[in-house]
Structures are given as structure tokens and as C-alpha cells.
Amino acid sequence: KMTEGKIEISPAAMKGLKTAMKVMEITQAIEFFQDGYPQVAIFFTDKSGVRRKCLVDYIKNSFGTDLKTYVNTNAIPTETFVGNYVANFRSDWQAAIDLDGIAAGRNFAGKGKVLGEVDQSWIEQFSLVTAPKFFFVFLERGAAPHVTIKSFDQFDTDGTPHEYSRQATFDVGRAIKR
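Quick notes on the rules
- Residues numbered from 1 in each chain as written.
- Predicted model: local features only at pLDDT ≥ 70, side-chain atom pairs only at ≥ 80, totals over all residues.
- Heavy atoms only, no water.
- Salt bridge = Lys/Arg side-chain N within 4 Å of Asp/Glu carboxyl O.
- Phe/Tyr/Trp six-rings, centres within 6.5 Å; stacked < 30°, edge-to-face > 60°.
- Buried < 20%, exposed > 50% of the residue type's maximum accessible area, 1.4 Å probe, protein only.
- Core = buried A, V, L, I, M, F, W, Y, C linked by side-chain atoms within 4.5 Å.
- Helix = DSSP H or I, 4+ residues; strand = E, 2+ residues; numbered from the N terminus.
- Contact = heavy atoms within 4.5 Å.
- Polar contact = N/O pair within 3.5 Å; in protein donor to acceptor, adjacent residues only side chain to side chain.
- Arc of directions from axis to C-beta.

**Structural notes on the pattern of salt bridges**
Next, step 1: Counted by the stated rule, this structure contains five salt bridges.
Next, step 2: For Lys68, the salt bridge identified is with Asp66, shortest N-O distance 2.9 Å.
Next, step 3: Across the salt bridge formed by Arg90 and Asp92, the nearest N and O atoms sit 2.8 Å from each other.
Next, step 4: Linked through salt bridges whose partners overlap, the residues forming this network are Asp46, Arg52 and Asp100.

Structural data, given as C-alpha cells:
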């Protein structure tokens, strides 16, 4: 059930994920899944009045992360495989949608509208971030696990919107209006 104006946070799934990452000794992925909250659902109404839902695998103060696991059965080079995934499954759209949801979540947090057991100092810091980032952590499973990390930033360092972010936001808005 959607709860307007609330963030639902459930920390239950995090223990297994942290254990799996530690067991596989993939240290470059650990930083994306600690000091935040797992399995965050944000329900909000966008500027055009459409009720939306955002599900983020893990949220830290300054960014959200989505974990993608895969098995590369055709031995395609990792960068090619991940690039094809991003293009074919419109990961830019998912990042745009999730960043919209995270922005709504920050607004809710600033107003104290958060469900679940959440550290209040974390909520305060979360609500103040103005330029969040979004990461996809691609975990190749198998005998030799490998991690590839892709960043989807809304803005360049000078504050101008990234072209792919601007285009994805436009495409998502156009799709919602249909």
C-alpha cells in the first residue's frame, strides 16, 4: 500500500548483502552498502500530480545505489556487457526516476515524515544534500566475481545538468504524460 508523504525503510535485507560482499572480498562495492539504509521505498506525487514509487536498494546521505547481479554466460567483455545492459534496460531512466524519488525523500525527511527506525542525525544530514548521485553496482557472479560501478550524476561539477540526466528526465516526464 502506498503511503503518501512517507519513506518506508526496512533494514532486514542488509545483513545478508554485507556478508555476501565480505565473503567474496569485493571491497570496492562495500562502501556503497554501509552507513545508510537498505531497501528504501519512497512514495510521492510528482509535479504533474502522478503518484509514483521509488525503490532504492541502498541509500546513503549523498547517494543512492542499485545492485545489479548477472552471470556473463557468453564471456562478453565486462564493459561491453554493462554498457549493453545500461542501454537496453534504460538505466538512465531508472536513475532519473530514483533521483526524483530521493529528492522527494529528502523533502519528507526535512519535514520529519519518515517511517521506520532511522537515526535522526542521519535524517538531518540526508535532508540537506542538494546534489545527490546515483550508482549502479554491477556484480558478476560466478567463479571469479567482478564488480563494475557506474555513476549517474544529475550535475557536472560546475552545476550544469549532465546531458544524459537532462534527456532521461525529459524522456521519463514525456512517458508519464502519455
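Structure shown, so let's carry the discussion forward.
**A look at the packing of aromatic side chains**
In this description, a pair of aromatic rings is defined by centroid distance and the angle of the planes.
Next, step 1: Enumeration over the complete set of coordinates arrives at twelve aromatic pairs.
Next, step 2: Ring centres 5.1 Å apart and planes at 75° place the aromatic pair Phe134 and Phe136 in the edge-to-face group.
Next, step 3: For Phe136, a relative accessible area of 0% corresponds to the buried category.
Next, step 4: These aromatic residues form a ring-pair network of at least three members: Tyr85, Phe89, Phe134, Phe136, Phe138 and Phe152.

**Points about the nonpolar core**
Next, step 1: Counting 25 residues, the largest nonpolar core has Ile42, Ile59, Trp122 and Phe134 as the members making the most contacts within it.
Next, step 2: Listing elements by their share of this core, those giving two or more residues are strand E2 (37-45), strand E3 (51-59), helix H3 (78-88), helix H4 (91-110), helix H5 (120-128) and strand E6 (133-140).
Next, step 3: At six residues, the largest contribution of residues to this core is made by H4.
Next, step 4: In this structure, Ile59 is in contact with Gly36, Tyr37, Val40, Ile42, Gly64, Ile102, Trp122 and Phe126, ignoring residues within four places of it in sequence.
Next, step 5: Counting residues in hydrophobic clusters, the runner-up holds ten residues, among them Tyr58, Leu67, Phe135 and Val147.

**Concerning the side chain of Asn61**
Next, step 1: With respect to the helices, strands and loops of the structure, Asn61 is situated in the loop between E3 and strand E4 (63-70).
Next, step 2: At 3.0 Å, the side chain of Asn61 forms a polar contact with the side chain of Trp122.
Next, step 3: A polar side-chain atom of Asn61 sits 2.7 Å from a polar atom in the side chain of Gln125.
Next, step 4: Residues within four places of Asn61 in sequence aside, it is in contact with Arg106, Trp122, Gln125, Phe126 and Val129.

**Structural notes on the side chain of Asn72**
Next, step 1: On the secondary structure map, Asn72 appears in the loop between E4 and H3.
Next, step 2: A residue is classified by how much of its surface remains accessible, and Asn72, at 12% relative accessible area, is buried.
Next, step 3: The contact partners of Asn72, leaving out residues within four places of it in the chain, are Phe81 and Glu140.

**A closer look at H3**
Next, step 1: Listed in full, the buried residues belonging to H3 are Thr78, Phe81, Val82 and Val86. The arc enclosing the buried residues of H3, seen along the axis, measures out at 130°, which places them on a common side.
Next, step 2: Residues of H3 that are buried make contact with E4, H4, E6 and strand E7 (146-153).

**Re the environment of Lys53**
Next, step 1: Within the secondary structure, Lys53 sits in strand E3.
Next, step 2: With a relative accessible area of 48%, Lys53 lands in the partly exposed category.
Next, step 3: Distance from Lys53 to Asp98, taken between C-alpha atoms, is 8.7 Å for residues 45 residues apart in sequence.
Next, step 4: When residues no more than four places from it in sequence are discounted, the contact partners of Lys53 are Ile42 and Phe43.

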